[in-house]
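Overview (structure and organization)
Given next are the chains, with one letter for each unit.
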Amino acid sequence: MDDLLAEFITETRETLEALGQEIVAWEANPADRTRLDSIFRFVHTVKGSCGFLDLPRLQKLSHAAEDVLADVRNGRRQPDARLVNAVLAVIDRIGELSEAIQSGAAVPHHEDQQLIDALAPAGAEPAPAAAVPPPPATAPEAPVATAPTAPAAAMLARAVPRSIRLPVDLLDRMMAGVSDLVLARNELARQMREGQTASGAEAAFDRLSASVAEIRDAITRTRMARIDNLFSALPRLVRDTSADLGKLVALDVQGGDVELDREMIEAIRDPLTHIVRNAIDHGVETPDQRQQRGKPITARLRIAARQSGNQILIDAIDDGRGIDVERLVERAIASGVVTAERAAGLSHKARLDLMFAPGLSTATAVTAISGRGVGMDVVRANVERIGGMVEIESRIGEGTRITLRAPLTLTIIPALTIAVAGQNYAIPRSAIEEIVRLGTQTATMAPVGGTLLATIRGRRIPVVALDRFLGLGGCDAETTARVLVVVRAGGGEHYALAVDAVLDHEELVVKPAAPAIVAAGVFAGTTLPDNSRPMLLLDVAAIAHQAGVRPAGDEAAPRPAPAAAETSEQTLLFRDLDGMERAVRLALVQRIDEVPASAIGRIAGRMRMTYDGLVLPLVAAVDDLPERRLQVLRLSDGSAEIAYPIDQVIDVVAAAPRIIPASRPGPVAGVLPFAGRAIEMLDAFWLFAEAAADQAAGAPATATPLCLLADADDPWTRQVLAPLVTAAGYRVAFAGECGAAEADVVIAGGALADAAADVPADAPVIRLRPEPARRQDDGSVYRYDRAALLAAIGKSVGRGA
């Protein structure tokens, strides 16, 4: 009987998850007989099972709901809001009693009769409890349709996906076996990197890697569930919340077939619920307000899920009033979240991020839904705790988009291994912002008022010396050349971990830590790297909390001089496949992958890399690539991505923006003098143009429009803008050069007045702005908006609208 009861509770819980959505949809369309039949079958099944399992309270409730729904099916009653609310209340009580049976909690009896009385028609006298006839020993069966023929039954069997329930301990055993395979693969990879295996082992290693990936994917999917399980409660939530607030909201759910780890679904459930309630409360206007603004009185809220690589993206988009950034800043200043001086220098994105500040609320009154200042900060903290991110976009009067980014699973994560005081630890890569080395012009560290503060490119952030924090001893952090790992804590604040060395990055299998380790409160689990030595995974949010990390105040963060951004740029140094030491600006590097030789080959007439579900054009320094695993730079210009294989990464440094230009266009833009060495700098625009197979040949130079770049002394203009305009098929001239007065179009940032003598009076001017957001309607173009810039040039010279 215990097994039958457990099966009944499980099936009831699973059905209830989808039933709320069915009832809301039935209320919107009372003529939908299919949904009505689904609800009727549920209460009928519960009633029959309760009679067999001896659950009289559940039987009484389900019997009353069944009678009402039978009247609706037979046309004796019409469904209205009162009836739907009463049926919802009964079904909620059925779910509550089912949970109570499993947990052993007590649920008061007196409310049951009130719920049953609410099912009666309006104006009718509620029947006394004794008037409700007890159900017969054998519940009457609902009318049964004619049994389908054999071919029809087979078709129905194929249409319904087959599934089975698996015990969690069996899945854990399967995942443990896969974990051992992953460790064996990592060990073999380490030996191959150190040259301890024969050359023929590489093919075997590639086969092993492919097998491990396939098995891991198959077993990981046994832990997966459709995100529909997360979305099923949203229609009821939207209905109840909008009704409480007197608003009309239509919910549109997309991507319910996307699959996600069951643990991730539970971790995201509360943040998504809060975002939806927040959108209805703060974002959506009342029907009168929407009518005054020329909008449909029914607002639209769209929840869409999609998979992007190894992440799940969930968008919550409303067409409401949007976020009034200026009002948000005013509330933040009034609440002491930010000073007026600091707020004046914040970008548009940084102002929007004030939504996540702890204790900040834009509600004017405390209600059951909002106004207590506990909200979006908790949402972001909870999402970042599982390795995800929260992004927000908003336009005043048009609406808001909030995007949750979450990993597919928590069992295997990409991590960075670090060393401190002779011990190795792991940090989730999703929490890491950057890695810098002390002792350079880029980063310095000094004690300020008993707290270590690091200054990284003019910005000060607090530092936690990991060896001291963990009680491992160690040297004075401020006098030792160390590495700073800048991480983002759960509350969104940034701080740096001072460590001795950064070792490697790899995918690690995370397992629960022992209770004694968990009690320390700073570790997220244990793992085994490829050397088979147990290693602890650090919880960066917990470390920030225990260390008392607070963002450095305004008085400790001097503003960099206006020319600071021009004195140095973050640059990646690497050794290329031809042995040359080269560099590329770090902003262009999307990520660095280690790929097998089998992932690179000639496809459709050119070299390409097939990896991580993508097929990317590949440009290399040599024609014949070595038959071994390669490190590959994935370079992105914001819209396109290419692969560039290298031998090894050397360092990330701050280098001067000016270079000595090459004598002719090619993969090398010029020479970068750095630390007494001459380093070749890659020409990113030449690489992207070379990789674009559909790049059209430009017109003859004599017929090509001439673009005058007014900011001739700006390094960005010469090194970034000029190659882009040239690659688009235009001629380029700089202010002060011969022939500048014959320009067809002028492109200027802030130096147009200085070049006025060289600018044709009738030439159209395209003004570039440095920030993405347009502060006023001045017709300017964001300088990194490639499409808008090229469209503006084409329109000015008559090549397009």
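How each quantity is defined
Residues numbered from 1 in each chain as written. Predicted model: local features only at pLDDT ≥ 70, side-chain atom pairs only at ≥ 80, totals over all residues. Heavy atoms only, no water. Axes fitted to C-alpha atoms, helices over the stretch in contact; angles between N-to-C directions. Helix = DSSP H or I, 4+ residues; strand = E, 2+ residues; numbered from the N terminus. Parallel < 35°, antiparallel > 145°, perpendicular 65-115°, else oblique. Left-handed = near helix turned anticlockwise from the far one by under 90°. Contact = heavy atoms within 4.5 Å. Buried < 20%, exposed > 50% of the residue type's maximum accessible area, 1.4 Å probe, protein only. Pairing = 2+ DSSP bridges. Salt bridge = Lys/Arg side-chain N within 4 Å of Asp/Glu carboxyl O. pLDDT = per-residue confidence, 0-100.

Bringing the packing of helix 4 (residues 81–103) against helix 5 (residues 110–117) into the picture now. Taken N-terminus to C-terminus, the directions of helix 4 and helix 5 make an angle of 150 degrees; their axes are 9 Å apart at the nearest point. The angle between the axes of helix 4 and helix 5 places the two elements in the roughly antiparallel class. Judged by the twist between their axes, the crossing of helix 4 over helix 5 is left-handed. Contacts from A89, V90 and R93 in helix 4 reach E111, D112 and L115 in helix 5.

With that settled, the discussion passes to the environment of H282. Locating H282 in the fold gives a position in helix 11 (residues 262–283). Classification of H282 by relative accessible area gives partly exposed; the value is 22%. Taking the C-alpha atoms as reference points, H282 and G320, 38 residues apart in sequence, are found 8.6 Å from one another.

Pairing geometry for strand 8 (residues 412–420) and strand 9 (residues 423–428), over six bridges, is antiparallel. Across the sheet, I418 pairs through a bridge with Y425, a residue of strand 9. What sits between the antiparallel neighbours strand 8 and strand 9 is a turn of two residues, in which A421 has the positive phi angle 55 degrees. With two bridges connecting them, strand 9 and strand 18 (residues 535–538) associate as parallel partners. Bridging across to strand 18, Y425 finds its partner in L536.

Moving on, we get to the pattern of salt bridges. For the coordinates displayed, the defined rule picks out 23 salt bridges. A salt bridge links D71 to R76, with the shortest nitrogen-to-oxygen separation between them at 2.6 Å. By relative accessible area, D71 is classed as partly exposed at 22%. Looking at R76, the relative accessible area reads 56%, which means it is exposed. Between D593 and R634 there is a salt bridge, and its shortest N-O distance comes to 2.8 Å. A residue pair is termed long-range when its members are at least 10 positions apart, and D593 in strand 21 (residues 589–595) and R634 in strand 25 (residues 630–636) qualify at 41 residues. R634 shares its class with D593; the two are buried. Each of E285, R290, R293, K295 and D319 takes part in a single network of salt bridges with overlapping partners.

This next bit is on the confidence of the model for the chain. Chain-level pLDDT for the chain is 75 on average; 78% of the residues reach the 70-or-more range. Counting interchain partners and residues more than four positions distant, the pLDDT-below-50 stretch residues 129–162 has 13 contacts. Here residues 552–566 scores under 50 on pLDDT; set against residues more than four positions off or in separate chains, the count is 14 contacts.

Pairing in this open sheet of five strands is mixed, and the strands run 16-8-9-18-17 from one edge to the other. In this open sheet, the two strands that pair with only one neighbour each are strand 16 (501–509) and strand 17 (523–527). The mean angle between the axes of side-by-side strands here comes to 35 degrees, regardless of whether they run parallel or antiparallel.

So, on to the sheet that holds strand 33 (residues 745–748). Read across the sheet, five strands follow the order 32-31-33-34-35 without closing on themselves; strand pairing throughout is parallel. Single-partner strands in this sheet number two, and they are strand 32 (731–734) and strand 35 (781–782). Relative to strand 32, strand 31 (residues 706–709) is paired through four bridges, and the arrangement is parallel. Bridge pairing in strand 32 places L708 opposite A733. Running over the sheet, helix 22 (residues 715–727) touches strand 31, strand 32, strand 33 and strand 34 (765–769) and is turned about 155 degrees from strand 32. Strand contacts of helix 23 (residues 786–796): strand 31, strand 33, strand 34 and strand 35, with the helix running at about 170 degrees to strand 34, the strand carrying the most contacts.

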